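Listed here are the chains, written in short residue letters.
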Amino acid sequence: MEYTTDWLNLLLRWLHVIAGIVWIGTSFYFVFVDNALERPKRREDADAGVGGELWEVHGGGFYRVQKYRVAPPVLPETLHWFKWEAYTTWLSGFALMIVLYYVQADTYLVDREVADLSEGAAIALSVGLLAVAWVVYDVLARALWRQELVLAATIFLFVVASAYVSSQLFSGRAAYLQVGAMVGTMMAGNVLFNIIPAHRKLIAAKEAGREPDPTPGIEAKVRSVHNNYLTLPVVLAMVSNHFPWTYGHARGWLVLVALMVIGAWVRHFFNVRHTGRNVWAIPATAALATVALAVAIAPDDGGGTARGGEVSFAEVERIVEQRCASCHSDNPTATRTAPQGVKFDTPEEIAAQADRIEQQAVDSNAMPPGNVTGMTAEERELLGEWISQGASTER
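Analysis parameters
- Residues numbered from 1 in each chain as written.
- Predicted model: local features only at pLDDT ≥ 70, side-chain atom pairs only at ≥ 80, totals over all residues.
- Heavy atoms only, no water.
- Helix = DSSP H or I, 4+ residues; strand = E, 2+ residues; numbered from the N terminus.
- Contact = heavy atoms within 4.5 Å.
- Areas by Shrake-Rupley, 256 points an atom, 1.4 Å probe, with all protein chains shown as cover.
- Lys, Arg positive; Asp, Glu negative; His and termini not counted.
- Charge placed at Lys NZ, Arg CZ, Asp CG, Glu CD.
- Pairing = 2+ DSSP bridges.
- Core = buried A, V, L, I, M, F, W, Y, C linked by side-chain atoms within 4.5 Å.
- Buried < 20%, exposed > 50% of the residue type's maximum accessible area, 1.4 Å probe, protein only.
- Arc of directions from axis to C-beta.
- Phe/Tyr/Trp six-rings, centres within 6.5 Å; stacked < 30°, edge-to-face > 60°.
- Lys NZ or Arg CZ within 6 Å of the ring centre and 35° of its normal.
- Salt bridge = Lys/Arg side-chain N within 4 Å of Asp/Glu carboxyl O.

Novice: What exactly am I supposed to notice about the overall build of the protein here?
Specialist: If you tally the helices and strands in the protein, you get 15 helices and 2 strands. Along the first, second and third principal axes, the C-alpha atoms of the protein reach 85 × 45 × 45 Å. Residue pairs in contact within the protein that sit at least 24 positions apart in sequence constitute 66% of those at least 6 positions apart. When the accessible surface of the protein is summed, it comes to about 21,200 Å², and 62% of that surface belongs to carbon and sulfur atoms. Each charge class in the protein was averaged separately, 31 positive and 40 negative side chains, and the resulting centres sit 14 Å apart.

Novice: Could you clarify how one ought to interpret the pairing of strand E1 (residues 50-58) in this entry?
Specialist: Regular strands place side chains that alternate from one sheet face to the opposite one. As judged from the 8 bridges shared by E1 and strand E2 (residues 61-68), these two strands associate in the antiparallel manner. Across the sheet, residue Glu 56 finds its bridge partner in E2, namely Tyr 63. Counting the residues in the hairpin turn of E1 and E2 gives 2 residues, including Gly 59, whose phi is positive at 60°.

Novice: Help me understand the nonpolar core in this model?
Specialist: Side chains of a nonpolar character, in soluble globular proteins, are inclined to be buried together. Counting 58 residues, the largest nonpolar core has Tyr 101, Leu 109, Phe 170, Val 179, Val 183, Met 186 and Val 191 as its most contacted members. Of all the secondary structure elements, the ones that give two or more residues to this core are helix H1 (2-36), helix H3 (84-102), helix H4 (105-109), helix H5 (119-144), helix H6 (148-169), helix H7 (172-207), helix H8 (215-238) and helix H10 (252-273). The leading source of residues in this core is H7, at 14 residues. For Leu 109, the residues in contact, after removing those within four places along its chain, are Tyr 101, Tyr 102, Gln 104, Ala 122, Ile 123, Phe 170, Ser 171 and Ala 174. Grouped together as the second largest cluster of nonpolar side chains are 18 residues, Val 316, Val 320, Ala 361 and Ile 387 included.

Novice: Would you explain the side chain of Thr 231 in this entry?
Specialist: Within the element layout of this structure, Thr 231 appears in helix H8. The contacts of Thr 231, once residues within four sequence positions are left out, are Ile 24, Ser 27, Phe 28, Met 187 and Arg 267.

Novice: How should I be thinking about helix H12 (residues 313-323) in this particular structure?
Specialist: Residues spaced three or four apart along an α-helix point in a common direction, a consequence of the helix completing one turn every 3.6 residues. Where H12 is concerned, the buried positions are Phe 313, Val 316, Glu 317, Ile 319, Val 320 and Arg 323. Looking straight down H12, one finds its buried side chains confined to an arc of 160°; they lie on one side. Buried residues along H12 sit against helix H13 (347-352) and helix H15 (377-388).

Novice: Any chance you could explain the packing of aromatic side chains here in plain terms?
Specialist: The geometry of an aromatic ring pair is captured by two quantities: the separation of the ring centres and the angle between the planes. All chains considered together, the criterion is met by 15 aromatic pairs. Here Tyr 29 and Phe 30 contribute two aromatic rings whose centre-to-centre distance is 5.4 Å and whose plane-to-plane angle is 70°, an arrangement assigned as edge-to-face. On the basis of relative accessible area, Phe 30 is assigned to the partly exposed category, the value being 37%. Centroid distance Trp 134 to Tyr 137: 6.0 Å. Interplanar angle 45°. Geometry classified as tilted. Of the two residues, Trp 134 and Tyr 137 both sit in helix H5, 3 residues apart, roughly one turn of that helix. A relative accessible area of 13% places Trp 134 in the buried class. Grouped by ring-pair contacts, the aromatic residues Tyr 29, Phe 30, Phe 32 and Phe 82 constitute a single cluster. Just above the ring of Trp 81 sits the side chain of Arg 200; from NZ or CZ to the centre is 5.0 Å.

Novice: Just checking my understanding: could you explain the pattern of salt bridges for this structure?
Specialist: As a working rule, side chains carrying opposite charge can pair if their charged atoms are close by. Using the criterion set out here, one finds 16 salt bridges in the structure. In this structure, Arg 112 and Asp 106 form a salt bridge, with 2.6 Å as the shortest nitrogen-oxygen distance. What makes Asp 106 partly exposed here is its relative accessible area of 27%. Salt-bridge contacts for Glu 379 lead to Arg 318; the nearest nitrogen and oxygen are separated by 3.9 Å. On the criterion of sequence distance, the pair formed by Glu 379 in helix H15 and Arg 318 in helix H12 is long-range, its members being 61 residues apart. Here the salt bridges share partners, and the residues they tie into one network are Arg 42, Glu 44, Asp 45, Glu 53 and Arg 64.

By themselves, these figures tell us nothing about what the structure is for.
Structure, rendered in structure tokens:
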């Protein structure tokens, strides 16, 4: 079963990444096109309803892109749609959530030091929050879509609340993925329930010989811009499991919010740049904010004095055997193979991984996943003291 899960993980993650690249790429490209459009040079194009055009060079050829203010006079025989990128990204992402977090909820989703939830309750809450995310966002977007700043501030507050609530329900790693999945659900919902239906209304009007109402297209464009700004925050959440000092921090939810804001701010720089303006203050402030965040959550290196006295390796070895070796050994009992090949079978192997132990089990609570083996705060502190004293293997 575990070998099958490994293959599902590989194939679904591969599909998810590929679909995500395509979806994000089309989002970036079309927002760039909209921002870089120039007024049509030819009078006949303007008279035909062309609102803007763009000349591009790529792959050894020249391209001329035109955008109509509402719709062309006659629909083309072949019309390309952009929807399956979004649907495939969401479906493959949700399948990954099932394989990695729901099937193994007791290990990766639940942390009973955070909330005493059963596996079923945690899964139900996770799925329910995905639906809540779409409903809340859609209601806000419909009510405030003409008030951009108010809507942006309200969505931001909702994401902050989502990050905090998730941190109070799930393990740190799962909380980051949960928020990313909630935002991704908002984005996919935009495509399924707003953008594509708006396109269908435009086409139906043309096919019926009516002049299309531009309002659905305008609303769809607003949703598309929302998706564009949410892409970098979602990508951050999706890759966050590689960075335990973020989700394992005592205020990991706040770290996530800060990183998402920085990502959206960086995206704004490129959107502005595509209109012909370079606002270098944006990347400069993003860089400063990143440095400030790194300093703010930096681990305290002044440990090693809480208990006093030398920490023996025998004490460290006991903790590692009880809390870590069920996964990290030649013959693990909780997994099929040692994750990332990290093993703690010998004193030398334990000492060689001192930096990793410090990062994931001392400076953060990232390991053990969901604290499934029940490592205590005192044990983490003792490991930190041992590392600060030089990580000796003398008993």
